[in-house]
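# Descriptive analysis of the structure
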Amino acid sequence: MLTVLHETFPQHTFLMNGLVHGVKGFLSFLSAPLIGALSDIWGRKSFLLMTVFFTCAPIPFMRISPWWYFALISVSGIFAVTFSVIFAYVADITEEHERSTAYGLVSATFAASLVTSPAIGAYLSAQYGDSLVVLVATVISVADIAFVFFVVPESLPDKMRLTSWGFPISWEQADPFSSLRRVGKDTTVLLICVTVFLSYLPEAGQYSSFFLYLRQVIEFSPAAIAAFIAMVGILSIVAQTLFLGVLMRTIGNKNTVLLGLGFQLFQLAWYGFGSEPWMMWAAGTVAAMSSITFPAVSALVSVSASADQQGVAQGMITGIRGLCNGLGPALYGFIFFLFNVELNDMQPVAGRPAQATEKSMIPGPPFLFGAFAVLFALLVAIFIPDHRLDDVKTCKSGSASGAHSQSAGALDTPTSDTEDIEPLLQDSSM
């Protein structure tokens, strides 16, 4: 994407990158609660199909028309909130004690795609050109859409879905700003949301610029970058499939989140101060272990929500991540600009002054900023209470039979204080 951006906007590559991601992220933030709430009512499959389609739709326009590509990829943020629907789907088909492992497998599958796709894309581009890369990506996208349509079954039971198409949710339930206002009424949800925001903001910024940073500042070759991605991806798969389940069973959900944030803090600090290639490789191994954070947070949110509110709960987290996807790239690009770390030049590093990074005591200032953000996230996560999960499970045990009745809330608690305890997870269609 950065290559096409540079070809289209040679003087403002990272500015436009931040703009595109900003528009897409903000639209994801606006739409995620609505998509999640509707999937709780009408089922997961139709919305999974829609989100996958709009995520993949811009790909062929990368060669047809770059302007249309960037326009579509920006607007696709309205529907490209696949993770919230996927995690709600997983919650439908798994028991609570299985969800952390299941979320880890989903995240590991995503990491596996990061391992294979850059290497395959680089090889095809070098041998046959970028057009074949776009063609292959388009074919895979069509196959993905067909797989969802023909193979993936509906996960939401019939008794929990509406039999007719209407609009049985209120504007308050779909309004992302209403969700934000209600976050403050629930201490646990507020702490989780702040933790997600502070930890994912630097991660989103890192995704947008890190590999170009490796090439131009640390002077990685294209082959080294592909190998780096493969190493981090493989180790992430191991962390999310093997270590995550063990950690969740031994130290618990909250402590697993804290451990993941600790790895992320160490990784970003190392990226910020590291100036040699070996330092990046060492920090990459730590980055793989930090990948356990998001599936652990998703599991924490899942067990806090009732069966008929999984889409809303996961949509809330996806909305915050979408907002970070917009703010992160712009923030990282601005900090690079402030510290005179130039990433706009897409030419080989051989033409750059040799002393550019040698005089800089902090080669990667945005990563150091990210480390401070994660430090605050770690401090916030410490205050997430453990006892709430047990309380929520107890409250949810009697609410399954009346999940979608107009008089029932998401948590069936007999006391009058329920609304004050779980306002964000209540059924606001009442």
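Below: a short report on this structure.

## Some details on the environment of Leu-265
Relative to the assigned elements, Leu-265 resides in helix H13 (residues 253-273). Relative accessible area serves as the criterion here: at 22%, Leu-265 is assigned to the partly exposed category. The sequence separation of Leu-265 and Val-286 amounts to 21 residues, and the corresponding C-alpha distance is 9.5 Å. Leu-265 has contacts with Ala-371, Val-374, Leu-375 and Leu-378, leaving out every residue within four places of it along the chain.

## Structural notes on the nonpolar core
Of all hydrophobic cores here, the largest spans 61 residues; its most connected members are Tyr-271 and Met-280. Top contributing element to this core by residue count: helix H11 (residues 187-216), with twelve residues. Filtering out sequence-adjacent residues up to four positions away, Met-280 remains in contact with Phe-210, Leu-214, Ile-218, Phe-220, Phe-228, Trp-270, Tyr-271 and Gly-274. Ala-32, Ile-35, Leu-38 and Val-52 belong to the second largest nonpolar core, which has 15 residues in total.

## What about helix H3 (residues 45-56)?
What sets the pattern is the α-helix's 3.6 residues per turn: residues three or four places apart point alike. Compared with the 16 Å implied by 1.5 Å per residue over twelve residues, the 17 Å span of H3 between its first and last C-alpha is a close match. For H3, the complete set of buried residues consists of Phe-47, Leu-48, Thr-51, Val-52 and Cys-56. The buried residues of H3 all sit within an arc of 160 degrees when viewed along its axis, so they share a single face.

## Notes on the packing of H3 against helix H6 (residues 82-93)
One way to put it is that H3 packs onto H6 with a least axis distance of 9 Å and a crossing angle of 150 degrees. With respect to H6, the element H3 is oriented roughly antiparallel. Crossing angle aside, the handedness with which H3 passes H6 is left-handed. Contacts between H3 and H6 involve Phe-47, Leu-48, Thr-51, Val-52 and Thr-55 from the first element and Thr-82, Val-85 and Ile-86 from the second. When its residues are assigned to classes, the contact of H3 with H6 shows five nonpolar, three polar and no charged.

Reading guide: rules and limits
Residues numbered from 1 in each chain as written. Predicted model: local features only at pLDDT ≥ 70, side-chain atom pairs only at ≥ 80, totals over all residues. Heavy atoms only, no water. Helix = DSSP H or I, 4+ residues; strand = E, 2+ residues; numbered from the N terminus. Buried < 20%, exposed > 50% of the residue type's maximum accessible area, 1.4 Å probe, protein only. Contact = heavy atoms within 4.5 Å. Core = buried A, V, L, I, M, F, W, Y, C linked by side-chain atoms within 4.5 Å. Expected span 1.5 Å × (residues − 1). Arc of directions from axis to C-beta. Axes fitted to C-alpha atoms, helices over the stretch in contact; angles between N-to-C directions. Parallel < 35°, antiparallel > 145°, perpendicular 65-115°, else oblique. Left-handed = near helix turned anticlockwise from the far one by under 90°. Nonpolar A, V, L, I, M, F, W, Y, C, P; charged D, E, K, R; others polar.

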